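Below are the chains, spelled out letter by letter.
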Amino acid sequence: MPSDTLVTEQTKRQFDLDTIVYNFRLGSGLILFAFVLTHLLNHSLGLISLDLMEQVQDWRKMVTRHALGTTILYGALATHMFLALAKTATRNSLRLPRWELVQLIFGLAIPMLLILHLADTRASNWLINFNDSYRSAIPGYWPKMTWLPIALVIVVWTHACMGLHFWLRLKRWYRRRFLLLFALAILIPTLAIAGFVTAGKSISAERALKQAKRADVIMEHIQPASPLLTLASFNPAQQPSALTPPPANQPILVAQQKGGWSYGKIIEYAKIGQVMFGAFALLALFTPTAFYLIRRRGPKVVVNYPDNRQVTALRGTSLLEISRQARIPHTSVCGGRGRCSTCRVQVARSSDPQPPPSEMENKLLHKIKAPNGVRLACQLEPVGKLSVTPLVPANKAMNSIGKLNPQSLGIERPIVVLFADLRGFTSLSEDKLPYDTVFLLNEYFNRQQQAISRHGGRIDKFMGDGIMALFGAEDIFDADNKPASDLQTASKGALSALTDMIQTLEDMNRDERLALAHPLRMAIGLHAGPAVLGDLGAGQARRPTAIGDVVNAAARLESLAKEWDAPVVVSVDVLQAAGLGLEGFEPVSVEVRGKQNKIDVVRLDDPAALSL
Ligand code: FES
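Being a predicted model, the structure only gives us computed values, none of them experimental. (Residues numbered from 1 in each chain as written. Predicted model: local features only at pLDDT ≥ 70, side-chain atom pairs only at ≥ 80, totals over all residues. Heavy atoms only, no water.)

On to the overall build of the protein. A count of helices and strands for the protein gives 18 helices and 15 strands. The buried share of the protein, reckoned over its 612 residues, is 45%. The long-range share in the protein, meaning contacts at least 24 apart out of those at least 6 apart in sequence, stands at 71%. (Helix = DSSP H or I, 4+ residues; strand = E, 2+ residues; numbered from the N terminus. Buried < 20%, exposed > 50% of the residue type's maximum accessible area, 1.4 Å probe, protein only. Contact = heavy atoms within 4.5 Å.)

Rendered as structure tokens:
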């Protein structure tokens, strides 16, 4: 088998395995997140009442203590922990971005804290029948050990939110709701901790009250024999054991035993578990260094960067990791997961032949229509000598939320662009008061916007009395991250929108409320072609839009419609993309400024006659 084919097969298998592992980590993480979220919300009910807190916990236990719930929950925990350790151990280097390092450290800290918490609750319930209700469990922490559940809440929640954030941050719906979700991410653990503390105080007070009541009973019992004994001098520890209540801040479970198990023994095993996990974590953390030392004598790669920096690294290290090791800023919005393309580099022709892209890399490069020689730094494990130029500037602004998406960096794809202009509006507005002009225009924009969106289009912008709309670019406008329609669907949508738009204008002309001196008329231009879609502008004026020849050409066709006194001029490209023939049309070739080739266009007097 040729070596190239072998490499491709290997990378494909690696990709498949990576994808499976990634999905398992994500899936198990989501199950754990669901558990943690409900657990924290349950804690926060302590702010309302202890009884409500207990009741909701009982409902949750019906799921989490069920055999299936237990299997799923602890299966997810074991899977997530194992995969996290494995991922740490198989890294080429621990030189990670700060956020990834924090997430890793918090992730490794969780089991160390969690083991004790599990020993106190679930394990004690299972092994010695300890009723781990809030009323029984909280006194075990309150007040001296309260730091443990609080630390656990902070560490687990931060780790989970970071994981979710870096999974979702490329999704538009997430970025649009980021502030709300961020506020919730702060609010939920805060309420949980407040609920826990409030419950701790309530339980402590309840127990103190019980002690006092028992003391009263004893006082009544012994009063005749000790007339001088007062409540202040009463010491429960000196009373008969059956009447002695537990101290207010001690767990009940300490004394419980069953089948050779006792609370002390459970804690002993928990501590052994902590030591074992700590050893595994240290092993995982030192494995990359150990491998580095072993591989140090192996083959090297030499990477030249544009500022004449030359970096020598071990073979088998990804280009992104090489940049990080050399502290060369390198944008990697998805953190090296092969999902964003922001780490892309141009590999110079003079470089040694590099391994071919994996299936995943190929897919992404194809999607962004990357020219020859462009590679993803997070996926390329270079060989020999190579010179690279990172294509996405690494600056802090690029790493702020809301700007991190492929669209903000520009993607190219064929779309349909529609330009519509109100004819004679200027003269019409001269006879109207400014208020009426604004009202009329807004009415027009509002109705046309609805007509366009009914057919899958999105208004890109309003310019004076003009409209620019895009078809086939839904994903850059919509928050729900839905994929854009293909060019055929986009073209059909745009053509069917024409009839709707013209009908909408006729309805306006008949609307007596608008009191139009003469009917409004429109001129529409429609063209299809490749456009660059991206977030353009700065500050509040930054928004998704399209640029490219197709936009200029569509605007030109709209002007042509005015010149020809036609309602619509559409390019043959749109008709053909929609699968329509040209029978009955007489295409005309027109020049468009800035375009070398002429465009074939047709005049459409009755878009409703098109057989879509
Ligand atoms: S860092 Fe996102 S694709 Fe490489």
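There is more to say, and it comes next.
The next thing to look at is the nonpolar core. Grouped together as the largest cluster of nonpolar side chains are 44 residues, with contacts concentrated most on L40, M53, I138, W157 and I266. For this core, the secondary structure elements donating two or more residues are helix 1 (3–44), helix 2 (50–64), helix 3 (67–89), helix 4 (98–128), helix 6 (147–168), helix 8 (178–222) and helix 9 (263–295). What M53 contacts, discounting residues up to four positions off in sequence, is N42, H43, L45, G46, Y134, I138, G195 and A199. F425, A469, L520 and V568 belong to the second largest nonpolar core, which has 41 residues in total. (Core = buried A, V, L, I, M, F, W, Y, C linked by side-chain atoms within 4.5 Å.)

A separate point is unusual backbone geometry. Here the bond from W142 into P143 is cis, since omega is -5°, no more than 30 degrees from zero. Relative to the elements of secondary structure, P143 occurs in the loop between helix 5 (134–137) and helix 6. A positive phi is found at R327, a non-glycine position, where the angle reads about 55°. Structurally, R327 is set in the loop between helix 10 (319–325) and strand 5 (344–347). You will see that D565, though not glycine, has its phi angle at about 55°, which is positive. On the secondary structure map, D565 appears in the loop between helix 17 (549–563) and strand 13 (568–571).

Moving on to helix 9. Along its 33 residues, helix 9 runs 48 Å from first to last C-alpha, staying within 8% of the 48 Å computed at 1.5 Å per residue. If you look at helix 9, its biggest bend is around 35°, right at F286, and the proline P288 turns up within four residues after that. What helix 9 keeps buried is the set Y263, I266, I267, A270, Q274, F277, G278, A281, A284, T287 and P288. Elements that come into contact with the buried residues of helix 9 comprise helix 3, helix 4 and strand 2 (261–262). (Expected span 1.5 Å × (residues − 1). Bend = angle between axes of the 7 residues up to and from the residue.)

By way of backbone hydrogen bonds, the strands of a sheet pair with one another, either parallel or antiparallel. In spatial order, the strands read 4-3-7-5-6; together these 5 strands make up an open sheet with mixed pairing. This sheet does not close on itself; its edge strands, each paired only once, are strand 4 (310–314) and strand 6 (374–376). In this sheet, adjacent strand axes meet at a mean angle of 40° when their direction is disregarded. Here strand 5 runs beside strand 7 (residues 385–390); their pairing, made up of 3 bridges, is antiparallel. Each bridged residue has a counterpart across the sheet, and for Q346 the counterpart in strand 7 is T389. (Pairing = 2+ DSSP bridges. Axes fitted to C-alpha atoms, helices over the stretch in contact; angles between N-to-C directions.)

Further remarks concern the pairing of strand 13. Taking every second residue as pointing to the same face, both faces of strand 13 are buried, with V568 and V570 on one and V569 and S571 on the other. Bridge count for strand 11 (residues 521–536) against strand 13 is 3 bridges, and the pairing is parallel. Bridging from a neighbouring strand, I524 pairs with V568 of strand 13. Bridge count for strand 13 against strand 15 (residues 599–604) is 4 bridges, and the pairing is antiparallel. Following the sheet pairing, V570 is matched in strand 15 by V602.

Let us look at the packing of aromatic side chains. Summed over the entire model, instances satisfying the criterion amount to 9 aromatic pairs. Look at Y174 and F178: their rings are 6.0 Å apart centre to centre, the planes differ by 75°, and that puts the pair in the edge-to-face class. Among the residues examined, Y174 registers a relative accessible area of 7% and is labelled buried. Looking at F178, the relative accessible area reads 17%, which means it is buried. Among the aromatic residues, those joined into a ring-pair cluster are W173, Y174, F178 and F182. (Phe/Tyr/Trp six-rings, centres within 6.5 Å; stacked < 30°, edge-to-face > 60°.)

Another aspect to go through is the environment of S341. Positionally, S341 belongs in the loop between helix 10 and strand 5. With 26 residues separating them along the chain, S341 and K367 place their C-alpha atoms 9.7 Å apart. Leaving out residues up to four positions away in the same chain, S341 has contacts with L364, I368 and L376. Only 2.9 Å separates the side chain of S341 from the side chain of R344, close enough to count as a polar contact. (Polar contact = N/O pair within 3.5 Å; in protein donor to acceptor, adjacent residues only side chain to side chain.)

In this section: the confidence of the model for the protein. The predicted model of the protein has a mean per-residue pLDDT of 83, with 86% of residues at 70 or higher. Element-level mean pLDDT values for the protein span from 54 in helix 12 (residues 406–409) up to 96 in strand 13. Segment residues 224–251 is flagged for pLDDT under 50; beyond a separation of four residues in sequence, or across chains, it makes 37 contacts in the model. Across residues 396–404, where pLDDT falls below 50, the model places 19 contacts with residues more than four positions away in sequence or in other chains. (pLDDT = per-residue confidence, 0-100.)

What follows is about the packing of helix 3 against helix 9. For the pair helix 3 and helix 9, interaxial distance at closest approach is 7 Å and the crossing angle is 25°. Relative to helix 9, the element helix 3 lies roughly parallel. Of helix 9, the residues touching helix 3 (which contributes M81, L85, T88 and A89) are F277, F280, A281, A284, L285, T287, P288 and F291. Of the residues contributing to the contact of helix 3 with helix 9, the split by class is 10 nonpolar, 2 polar and no charged. (Parallel < 35°, antiparallel > 145°, perpendicular 65-115°, else oblique. Nonpolar A, V, L, I, M, F, W, Y, C, P; charged D, E, K, R; others polar.)

For I115, the location among the structural elements is in helix 4. Between the alpha carbons of I115 and Q274 there is a distance of 6.6 Å; along the sequence they are 159 residues apart. Those residues in contact with I115, other than ones at most four positions away along the chain, are A270, G273, Q274 and F277.

Our focus in this paragraph is a nonpolar patch on the surface. Together, L47, I48, L180, L184, L187 and L191 make up an exposed nonpolar region whose accessible area comes to about 550 Å². Along the polypeptide, I48 turns up in the loop between helix 1 and helix 2. (Patch = residues over 30% accessible without salt bridge, like charges linked within 9 Å, V, L, I, M, F, W, Y side chains within 5 Å. Areas by Shrake-Rupley, 256 points an atom, 1.4 Å probe, with all protein chains shown as cover. Salt bridge = Lys/Arg side-chain N within 4 Å of Asp/Glu carboxyl O.)

On the secondary structure map, T121 appears in helix 4. In this structure, T121 is in contact with D132, A137 and Y141, ignoring residues within four places of it in sequence.

Inspection of the secondary structure assignment puts D120 in helix 4. Among the residues examined, D120 registers a relative accessible area of 14% and is labelled buried. Linking D120 and F130, residues 10 residues apart in sequence, is a C-alpha distance of 9.0 Å. Reaching out from D120, the side chain makes a polar contact with the side chain of Y141 at a distance of 3.1 Å.

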